[in-house]
Structures are given as C-alpha cells and as structure tokens.
Amino acid sequence: MINYYKTVENRLVSIEAIQDGCWVSAVCPTESEVAFLTDQLGIDQGFVRSSLDEEETSRVEQEEDQTLLIIDLPRAETNSDDTIQYTTAPIGIVMLPKQIVTISLKSNPLIGEFAGGLVKNVPTHHKNTFLFTLLLRIAARYLQHLKQIDKLSMRMEHQLHKSMKNKELIQLLGLEKSLVYFSTSLKANELTMEKILRGRILKLYEEDQDLLEDVLIETKQAIEMCNIYASILSGTMDAFASVISNNLNIVMKVLTSITILMAIPNIIFGFYGMNVLGLPLDQFWWFPLVITVVVMVVLAIVLK
C-alpha cells in the first residue's frame with residue numbers, strides 16, 4: 001500500500017497524488033506498487049529490493065542523486081503461547097531530489113504515528129529534518145520497548161517466586177533473545193548514523209547536525225540500557241536455574257527420607273513373619289509394632 005503525505009501549515013496531511021516535497025509511504029507493497037516505485041519515481045530497483053529484505057542490516061548507500069538509508073525498527077510480537085517477543089525489522093528510507101520515500105515490508109506503529117499526525121513539526125519539504133526526526137522517534141521507540149522488557153522481566157521474576165513454571169522461564173528466555181536482537185540492531189544503526197554525521201553522504205546544516213547528534217545520544221543510551229538489562233536478565237536466569245535445581249534436590253531428599261522410613265516396617269515385620277524360632281518376645285504381637293514405631297521415630301529425628 002502506497003500513501004502520500006505533505007506538510008501543510010505545520011500539519012502532516014494525506015494527499016491524493018504525488019507532489020514535490022511530499023513523503024511517500026510504501027508498506028508491504030505489491031509487485032505493481034514496486035513497479036510504480038521503480039518506474040514512475042525512478043527509485044533504483046536494488047534500493048527497493050534491499051528495503052524489502054528482512055535480513056538486510058542497517059547501512060547507507062548513495063547512487064547518483066539517490067540516497068538509501070536502511071534502519072532497523074523495533075517490533076513487539078505476540079507468540080501462539082501468549083508470550084511477547086521483541087524483534088527488529090528493516091525500513092528503507094530513500095532520499096530523492098524532490099521526495100522522501102519510506103519502504104517497509106511490514107506495518108509498524110511508528111509509521112502510523114507520523115501518518116496520523118501524532119508527531120508535530122515534521123516538514124516533509126525539508127528532507128533532512130524529516131529523516132532525522134524519524135530516526136529520533138525510532139531511537140525513542142527502542143527506549144520505550146526496553147522499559148517494557150524491564151517491566152516484563154520484573155513481573156516474570158515475581159511470578160517465578162510463587163511458582164516455578166516453564167511458561168515464565170520461556171518468557172524470560174524470549175526477552176533475553178529480544179535484547180540480543182536490539183543490541184545488534186542498535187549498534188548497526190549507530191554505525192550508520194556516525195557515517196552520516198561525517199557529512200559525506202548528506203549535506204548537513206547546523207540544525208541537522210544538532211538533531212543527528214541527539215539521535216546518536218538516544219541510540220547510545222539505548223545500547224547502554226540494552227547491555228545493562230541483558231546482564232540483569234542473564235543473572236536472573238542463572239539464579240532461577242539454581243533455585244529450581246535446589247528445589248528439585250529438596251524434593252528428592254524428602255522422597256528418599258520417606259522411602260527409608262517406609263522400609264523399616266518391611267524389614268522388622270519381615271523378620272517376625274518368617275518361620276524362625278528364637279526371636280525376642282515373638283509370642284506378643286505388639287512387640288514388633290513397638291520396635292517399628294520406635295525405630296521409625298528415631299530415624300525420622302536423625303533424618304530431620
């Protein structure tokens with residue numbers, strides 16, 4: 001689906017046809033829409049294919065009067081077992097002489113925020129400002145998801161204190177994997193932004209440079225938070241693995257003690273049940289019962 005947006009009186013509004021200084025948003029485009037991007041807008045076919053490749057990493061590339069910037073976006077997905085998995089997906093941003101185009105294989109709430117006018121002061125005719133505002137929102141979205149991961153891990157930790165279930169452990173493992181995805185994508189985004197900051201790819205004005213530096217600060221903060229949360233989560237997983245192992249040892253110890261105690265009556269009554277003469281007080285039925293109870297009590301105290 002392809003939509004067109006343009007800033008009119010400091011508001012981002014939807015327009016019917018492509019114009020100079022507009023933003024073209026292509027989300028999960030069909031083959032005909034891909035042909036429109038390459039034929040009508042003149043976007044390099046390799047740029048479009050790279051933007052729609054899920055395995056593409058963050059990078060910046062320039063071809064004649066076109067510049068491609070691929071950035072990894074954070075995503076939150078719900079699995080079939082109701083656990084939340086955080087992943088990343090690339091989005092391609094193509095800077096054309098008269099338009100700026102975003103191409104993504106999957107829909108993302110961030111694009112919806114821009115399209116819905118929730119982000120203010122986004123001039124589409126100032127392509128650099130629009131680009132760096134988008135990058136700043138992406139970095140802020142990483143920070144938002146990292147805080148959600150921290151809250152989820154704390155909630156799973158409280159639930160694990162009450163009951164050791166596989167679901168909570170699987171959720172913690174999924175969060176740990178999410179932090180690995182975030183860390184890898186954030187570092188790639190950081191390298192791409194530092195390359196832009198050198199000014200060789202895009203001509204940067206003073207305001208653009210300040211805004212890009214803010215994006216880099218947010219990205220570095222997200223990387224630091226990601227590393228901290230990953231260390232905490234790794235320690236939590238190790239701690240709960242030890243707790244589960246200790247609980248299993250306690251259960252096995254109790255079961256072993258019960259097994260030993262239950263063996264005492266079998267041993268004593270086995271002796272008195274044999275057809276053997278000379279056993280002490282074998283004419284009294286209560287004597288083996290008393291011996292059994294005394295031995296079981298003494299052994300229970302020793303095991304305790």
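Trainee: Any chance you could explain the overall build of the protein chain here in plain terms?
Mentor: What the protein chain contains, in helices and strands, is seven helices and seven strands. In sequence order, the secondary structure elements of the protein chain are arranged as β-β-β-α-α-β-β-β-β-α-α-α-α-α. Its C-alpha atoms give the protein chain a radius of gyration of 33 Å, more than 25% over the compact-globule value 19 Å for 304 residues. Judged by the C-alpha coordinates and their principal axes, the protein chain covers about 115 × 40 × 30 Å. For the protein chain, contacts bridging at least 24 residues in sequence account for 62% of all contacts bridging at least 6. Looking at charge distribution, the protein chain has the averaged site of its 26 positive side-chain charges lying 5 Å from that of its 36 negative ones.

Trainee: What exactly am I supposed to notice about the layout of surface pockets here?
Mentor: In this approach, a probe sized like a water molecule rolls over the atoms, and the result shows the empty space that is left. Empty space within the largest pocket amounts to approximately 270 Å³. Along its surface, the largest pocket is lined by 16 residues, and Met95, Lys127, Asn128, Leu202 and Lys203 are the ones closest to its centre. Those elements giving two or more residues to the lining of the largest pocket turn out to be α4 (127–162) and α6 (206–273). Here the residues of the lining of the largest pocket are counted per class, giving five nonpolar, five polar and six charged. Taken as a whole, the second largest pocket encloses approximately 220 Å³ of empty space. If you go around the second largest pocket, you meet 13 residues; those closest to its centre are Glu56, Asp72, Thr88, Thr184 and Ser185. Those elements giving two or more residues to the lining of the second largest pocket turn out to be β6 (84–95) and α5 (166–197).

Trainee: Just to check I follow, could you spell out the pattern of salt bridges for this structure?
Mentor: Pairing is possible between side chains of opposite charge, provided their charged atoms come close. Taken as a whole and assessed by the stated rule, the structure comprises seven salt bridges. The residue Lys106 makes a salt bridge to Glu54 at a minimum N-O spacing of 3.0 Å. In this pair, Lys106 sits in the loop between β7 (100–104) and α3 (109–115) while Glu54 sits in the loop between α2 (45–51) and β4 (59–63), placing the two residues 52 residues apart along the sequence.

Trainee: Which parts of the structure should I look at to understand the packing of aromatic side chains?
Mentor: How two aromatic rings sit relative to each other is given by the distance of their centres and the angle of their planes. This model, assessed by the stated rule, comprises four aromatic pairs. Taking 5.3 Å as the distance between ring centres and 85 degrees as the angle between the ring planes, the aromatic pair formed by Tyr142 and Phe182 counts as edge-to-face. Within this pair, whereas Tyr142 is found in helix α4, its partner Phe182 is found in helix α5, the two being separated by 40 residues in sequence. The buried category is assigned to Tyr142, whose relative accessible area is 1%. On the basis of relative accessible area, Phe182 is assigned to the buried category, the value being 0%. Site record: aromatic cluster; members linked through ring pairs are Tyr5, Trp23 and Phe130.

Trainee: Even after reading the chapter, I still don't get the packing of α5 against α6, so can you show me in this structure?
Mentor: Two quantities define a packed helix pair, namely the angle between the axes and the distance from one axis to the other. Relative orientation of the contacting elements α5 and α6 amounts to 155 degrees, with a least axis distance of 9 Å. As far as their axial angle goes, α6 and α5 are roughly antiparallel. Considering only the axes of α5 and α6, their crossing is left-handed. The residue inventory of the contact of α5 with α6, partitioned by class, reads 21 nonpolar, five polar and six charged.

Trainee: Is there a simple way to think about empty space enclosed by the protein in this case?
Mentor: Enumeration over the complete set of coordinates arrives at two cavities of 30 Å³ or more. By volume, the largest cavity is sized at about 50 Å³. As for the largest cavity, its lining consists of Ile149, Asp150, Ser153, Leu179, Tyr229, Ile232 and Leu233. Per-class residue counts for the lining of the largest cavity are five nonpolar, one polar and one charged. Taken as a whole, the second largest cavity encloses approximately 40 Å³ of empty space. Breaking the lining of the second largest cavity down by element, the ones donating at least two residues are β5 (66–78) and β6.

Trainee: Quick question: what am I supposed to make of the nonpolar core here?
Mentor: Side chains that are nonpolar tend, in soluble globular proteins, to be buried together. One finds Leu131, Phe132 and Leu135 to be the most contacted residues of the largest nonpolar core, which totals 52 residues. Broken down by element, this core gets its largest block of residues, 13 residues, from α4. Non-local contacts of Leu135, meaning those with residues more than four positions away in its chain, are made with Leu69, Ile71, Met193 and Val215. Counting 19 residues, the second largest nonpolar core, distinct from the first, contains Ile2, Val34, Val48 and Leu52.

Basis of the calculations
Sequence order sets the numbering: in each chain, residues are counted from 1 along the sequence as written. For a predicted model such as this one, the threshold for reporting local features is a pLDDT of at least 70, and the threshold for listing and counting side-chain atom pairs is 80 or more; totals across whole chains, interfaces and linings nevertheless cover every residue. Hydrogens and waters are ignored; side-chain quantities use all the structure's heavy atoms. Helix and strand labels come from DSSP, where a helix needs a run of H or I of at least four residues and a strand needs a run of E of at least two; each type is numbered from the N terminus. Each radius of gyration reported is based on C-alpha atoms, and the globular scaling rule is 2.2 Å times the count of residues to the power 0.38. Pairs of residues are marked as contacts when any of their non-hydrogen atoms sit within 4.5 Å. For the purpose of charge, His is not counted, nor are the chain termini; Lys and Arg are scored as positive and Asp and Glu as negative. Every charge is mapped onto a representative atom, which is NZ of Lys, CZ of Arg, CG of Asp or CD of Glu. Only protein atoms enter the 1 Å grid, on which a cavity is a set of points fitting a 1.4 Å probe that cannot get out and a pocket is an open set with protein on both sides within 12 Å along at least 5 of 7 lines, lining residues being those with an atom within 4 Å of a point. Grid points are joined across faces, edges and corners, and a volume is the space filled by probe spheres set on the points. Under this grouping Gly is polar, as are all residues other than the nonpolar Ala, Val, Leu, Ile, Met, Phe, Trp, Tyr, Cys and Pro and the charged Asp, Glu, Lys and Arg. What counts as a salt bridge is simple: a side-chain nitrogen of Lys or Arg found within 4 Å of a carboxyl oxygen of Asp or Glu. Only rings of Phe, Tyr and Trp enter the pairing, Trp through its six-membered ring, and a pair is recorded when the two centres are within 6.5 Å. The plane angle decides the type: under 30 degrees is stacked, over 60 is edge-to-face, the rest tilted. The buried label applies to any residue whose accessible area, calculated with a 1.4 Å probe on protein chains only, is under 20% of its type's maximum; exposed applies above 50%, and partly exposed to all values in between. Between N-to-C directions, angles cover 0 to 180 degrees, with each direction set by a line fitted to C-alpha atoms, over the stretch in contact for helices. Should an angle fall under 35 degrees it is called roughly parallel, over 145 degrees roughly antiparallel, and 65 to 115 degrees roughly perpendicular, with every other angle called oblique. Rotating anticlockwise by less than a right angle from the far helix to the near helix defines a left-handed crossing, while the corresponding clockwise rotation defines a right-handed one. Buried Ala, Val, Leu, Ile, Met, Phe, Trp, Tyr and Cys residues that are joined via side-chain atoms within 4.5 Å together make up what is termed a nonpolar core.

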